[in-house]
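# Summary of the model geometry
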Amino acid sequence: MFLEFLFISSAVLTVSCALGVLVVKNIMHSCVFLLGSLMGVAGLYATLGADFVAVTQIMVYVGGVVILMLFAVMLTGGTDFISRAQNLLGLAPSMGNKWTYGMGLFVGVVFLLTNIKLLMGLTQTLPTKTINNEFPSTVTEIGHLLVKDHVLAFEISSVLLLGALVGAAIIARPRKQN
Amino acid sequence: MMSLASYLIISLILFVVGLMVMISRKNIVAILLGIELILNAAALNFVAYSRYVTNNLDGHIFSLFIIVIAAAEAAVGLAIVIRFFQIKETIHVDEATQLRN
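Residues numbered from 1 in each chain as written. Chains lettered and ligands numbered in written order. Predicted model: local features only at pLDDT ≥ 70, side-chain atom pairs only at ≥ 80, totals over all residues.

With that out of the way, let us pick up the confidence of the model for chain A. Put simply, chain A has an average pLDDT of 84, and 83% of its residues get 70 or more. Confidence drops under pLDDT 50 across residues 81–93 of chain A; counting only partners more than four residues distant or on other chains, this segment forms 13 contacts. (pLDDT = per-residue confidence, 0-100. Contact = placed C-beta atoms within 7 Å.)

Formed by 70 residues in total, the largest nonpolar core has its most connected members in Met69 of chain A together with Val29 and Leu33 of chain B. Looking at this core, the elements with two or more residues in it are helix 1 (2–23), helix 2 (27–47), helix 3 (51–76) and helix 7 (151–172) of chain A together with helix 1 (4–24), helix 2 (28–52) and helix 3 (58–88) of chain B. Counting the residues that make up this core, at least three belong to each of domain 1 (1–91) and domain 3 (137–178) of chain A. Not counting residues within four places of it along the chain, the set of residues in contact with Val29 of chain B comprises Ile27, Met69, Ala72, Val73 and Thr76 of chain A together with Val81 and Ile91 of chain B. (Core = buried A, V, L, I, M, F, W, Y, C linked by C-beta atoms within 7 Å. Buried ≥ 20, exposed ≤ 12 C-beta atoms within 10 Å, placed from the backbone. Helix = DSSP H or I, 4+ residues; strand = E, 2+ residues; numbered from the N terminus. Domains from an automatic or database assignment.)

Moving on: the domain arrangement of chain A. Looking at chain A, the domain boundaries give domain 1 (1–91), domain 2 (98–123) and domain 3 (137–178). Between the C-alpha centres of domain 2 of chain A and domain 3 of chain A the distance comes to 34 Å.

With that settled, consider helix 5 (residues 98–125) of chain A. In this model helix 5 of chain A runs 41 Å from its N-terminal to its C-terminal C-alpha over 28 residues, within 8% of the 40 Å that 1.5 Å per residue would give. Counting buried residues along helix 5 of chain A, only two of its 28 residues qualify, which leaves the element largely exposed. (Expected span 1.5 Å × (residues − 1).)

In this section: the interface of chain B and chain A. At the junction of the two partners, chain B supplies 57 residues and chain A supplies 71 residues. Listing elements by their share of the side of chain B that touches chain A, those giving two or more residues are helix 1, helix 2 and helix 3 of chain B. Considering each element in turn, the side of chain B that touches chain A owes the most residues, 20 residues, to helix 3 of chain B. When the residues that make up the side of chain B that touches chain A are grouped by side-chain class, the tally is 44 nonpolar, seven polar and six charged. (Nonpolar A, V, L, I, M, F, W, Y, C, P; charged D, E, K, R; others polar.)

Laid out in structure tokens, this is it:
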């Protein structure tokens, strides 16, 4: 009962906030809607029994990526704000026009219809396993898997994070005027 | 009601909305938001299949690596956005024409 409530509320939060990211005109509100959508995905992970992934989702995405996006919006909204003083930040015309929205709607509908057709065939052939409703903790097993089976990917991802950190610092640093 | 198909449909909606955000927005930060939605749809699919089809935790591991790569991609992408803003004083994607011709 609680599980179904969590599933329905998370699904509604995810889908409605994703649509909010699509339709809203203010880039700051768009970032906040993305935050809601990522929280909904974390709730869906919790209903799937993936506790560690859910907590990591909240920590990395909601605590890291969305805050980074908000900082980027604040750092890059300056001249828009000054030059178009009537509009507030983010009501800039750079958020898309009728032509791009029509194109996006067309591609989205085509993609949705083809994939629903694929899913209808897929769900009838997949084996339906009986699911028990108990959720053992996955943290210990994920830790064992990360240092046994997937240790190479683990190390490579650490090198990737180091490279991304150094690269981001080098790219975004202010240059000397020449 | 909580079955594999419902999770797949939610993930499909997330993917399509992310695709539409990427196509219809002209703001570089908004395009990055669409990429985040698409990566989340992929990770949700991995975890759903890991619970309903296979019995191991490999889907969880893959989902964790997707989260790591999304964080790295967001950091580098936003650094590029900030650098682009320092040069062009805008983040409209149509202004990024320096490599044309």
